[in-house]
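# Chain and residue survey
The residues making up each chain are set out below.
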Amino acid sequence: MALRQYRIPMFYGIHQGLQEDRINDGESPDACNMDTSGGRLTVANGYVRESSVAFPAPASVKRLFVWNRADGKKFLLATENKLYALDETAGEWTLLYTFGASAAAAQYDFQVVKIASTEYLLVASGVSQMAKWDGDSEAAEAFGSAEELSDTAVNFVELYYSRLFAAGDALNPSRLYYSQAPGDSRTVENWTSADESANVGGGTVEIGTDSDPVTGVFALSNQLLIFKRDSLYRLLGDRPSNYRIQPVGGSLLQPVHTACARVGDVLYFLTEGGMYYFDGQNVQRKADADKAKDFLAGADLLACVAAACRDKLYFAVKEDATADGNDAILVYDLARGTYMVRRGFVAQGMCAAGGTLYILDGNGHVCRFNEGETYDGERIEAYWKTPDRKSTRLNSSHFVPS
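Residues numbered from 1 in each chain as written. Predicted model: local features only at pLDDT ≥ 70, side-chain atom pairs only at ≥ 80, totals over all residues. Heavy atoms only, no water.

With that out of the way, let us pick up the overall build of the protein. Helix and strand content of the protein: 1 helix and 32 strands. Taken over C-alpha atoms, the radius of gyration comes to 23 Å for the protein, in line with the 21 Å a tight globule of 402 residues would show. The principal-axis extents of the C-alpha atoms in the protein amount to approximately 90 × 50 × 35 Å. Each of the 402 residues in the protein was classed as buried or not, and the buried ones make up 53%. The contacts in the protein between residues at least 6 apart in sequence include a share of 53% that link residues at least 24 apart. Summed over its atoms, the accessible surface of the protein is roughly 18100 Å², and 45% of this surface lies on carbon and sulfur atoms. The distance from the centre of the 38 positive side-chain charges to the centre of the 52 negative ones in the protein is 8 Å. (Helix = DSSP H or I, 4+ residues; strand = E, 2+ residues; numbered from the N terminus. Rg over C-alpha atoms; globule rule 2.2 N^0.38 Å. Buried < 20%, exposed > 50% of the residue type's maximum accessible area, 1.4 Å probe, protein only. Contact = heavy atoms within 4.5 Å. Areas by Shrake-Rupley, 256 points an atom, 1.4 Å probe, with all protein chains shown as cover. Lys, Arg positive; Asp, Glu negative; His and termini not counted. Charge placed at Lys NZ, Arg CZ, Asp CG, Glu CD.)

Turning to the pattern of salt bridges, a few remarks are in order. Inspection of the entire model under this criterion finds 20 salt bridges. The salt bridge partner of Arg-69 is Asp-136, with a shortest N-O separation of 3.4 Å. Note that Arg-69 is positioned in strand S5 (residues 63–69) and Asp-136 in the loop between strand S11 (131–133) and strand S12 (141–142), a separation of 67 residues in sequence. Owing to a relative accessible area of 58%, Asp-136 belongs among the exposed residues under this scheme. Between Glu-319 and Arg-343 there is a salt bridge, with its nearest N and O atoms 2.6 Å apart. A residue pair is termed long-range when its members are at least 10 positions apart, and Glu-319 in the loop between strand S26 (312–318) and strand S27 (326–333) and Arg-343 in strand S28 (residues 338–353) qualify at 24 residues. We classify Glu-319 as partly exposed; its relative accessible area is 28%. Salt bridges sharing partners connect three or more residues here, namely Glu-50, Arg-368 and Glu-371. (Salt bridge = Lys/Arg side-chain N within 4 Å of Asp/Glu carboxyl O.)

Enumeration according to the criterion identifies 0 disulfides in this entry. Cys-304 provides the cysteine sulfur closest to Cys-32, a residue in no disulfide bond, and the two sulfurs are 17 Å apart. (Disulfide = S-S within 2.5 Å.)

Another point: the sheet that holds strand S14 (residues 163–167). The sheet built from 4 strands is open, its strands ordered S13-S14-S15-S16 with antiparallel pairing. The open sheet terminates on both sides in strands that have one partner only, identified here as strand S13 (156–160) and strand S16 (203–206). This sheet shows a mean twist of 25 degrees between the axes of neighbouring strands, independent of strand direction. Here S14 pairs with strand S15 (residues 175–178) via 2 bridges, running antiparallel. If you follow Phe-165 over to S15, its bridge partner there is Tyr-178. (Pairing = 2+ DSSP bridges. Axes fitted to C-alpha atoms, helices over the stretch in contact; angles between N-to-C directions.)

Scored by pLDDT, the protein has a mean of 93; 95% of the residues are at 70 or more. Across residues 391–397, confidence stays below pLDDT 50; counting only partners more than four residues off in sequence or on other chains, it has 11 contacts. (pLDDT = per-residue confidence, 0-100.)

Positioned with a positive phi, Leu-149 is a non-glycine residue whose angle comes to about 60 degrees. Of note, Leu-149 is situated in the loop between S12 and S13. Residue Leu-149 is classed as partly exposed on the basis of its relative accessible area, which comes to 49%.

Here Gly-362 shows up in the loop between strand S29 (356–361) and strand S30 (366–369). Distance from Gly-362 to Gly-349, taken between C-alpha atoms, is 9.4 Å for residues 13 residues apart in sequence. In this view, Gly-362 contacts Pro-58 and Val-346; residues no more than four positions away in its chain are not counted.

We now examine the pairing of strand S22 (residues 266–271). In terms of residue burial, S22 counts as a mostly covered element, since 5 of its 6 residues are buried. Here 4 bridges tie strand S21 (residues 260–263) to S22, and the two strands are oriented antiparallel to one another. Paired with Val-263 across the strands is Val-266, a residue of S22. Relative to strand S23 (residues 274–278), S22 runs antiparallel, the two sharing 5 bridges. Within S23, the position partnered with Phe-269 by the bridge is Tyr-276.

Another aspect to go through is the sheet that holds strand S17 (residues 214–219). Read from one edge to the other, the open sheet built from 4 strands follows the order S17-S18-S19-S20, with strand pairing classed as antiparallel. At either end of the open sheet lies a strand with only one pairing partner, and these are S17 and strand S20 (244–247). Each adjacent strand pair in this sheet contributes to an overall mean axis angle of 20 degrees, direction not counted. Looking at chain direction, S17 and strand S18 (residues 224–228) are connected through 5 bridges and run antiparallel. Across the sheet, the residue bridging to Gly-216 is Phe-227, located in S18.

Shown next as structure tokens:
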């Protein structure tokens, strides 16, 4: 029997939305830790340590944040009720702040703002008054005050037209807060009305006509998106006198706020039903969302964390219920429209800054992703399954790199 040569001219990514004998030759029903950049099939890069200083309790970490400052990057970790910063000089993670209550179920949110002439990082937990850190002091301090109505325990913070917007107050779950407009003696730390004009004062507005809680707030160039448990709204306008709140059309499954990533003026987010995006007017489900259908069916997205880095989207999710953190990453190439799965590690946290994707691995090290040939010394197990061509009697096979 003569041998038949089977040539695949171009490789793409996984495709789980059709039967194997219906997908492109260059797609795979099951692949892991592969790279198809340029159409070539190779083993993906791994990750290397950014720092040799390990956080002693990585399983307790809720979020990793990288503050990309003019004088260098600052690495921060948030646990249930504490905020830490990496101090390379001292060779340790130093405690910056202790929140008044533990955020066991909450996902932290971060926002860089300028108060007067000082730049701060705000940290919101949803269960305690926000914290602020100037990046240089040995400790962070509480943000706001009762007199300025800004000591509320919010979970989501965003800057929109120079004002600070916040939501996620457990006592007022559908309420959106906004600060004064900075200028003269006004700062984003003051959420009260202003004597000069209502247009420069702070205030609140209820989102929707029901009591469903706000579950995320994201600023685009000309609108503020507000997720609620069963709906999505957008706030238009640049001052209180012309604020307009409108419901957004389109059906969607709600994501956790950490599963959302902005690229330009488009917001992408991952749900159990696949990837969605906001196109400026409505919510759309990605036409290729089913390509990761089987992967998402077995994944837990309750603690999903998203990051946009260069031309790719990364979504860290949990596949193994016994894992201490997210143990798989779904990678989406925006330029090529391809999906790939990465496994073989635990990502306790994930954040992109300065064109680099960082993870906190299961050993407590901050690492640079997509560098090196191993996962910090651990062998990368990679494979590519070719489609089963029943109609042409081509046998399914695995490509397993040596």
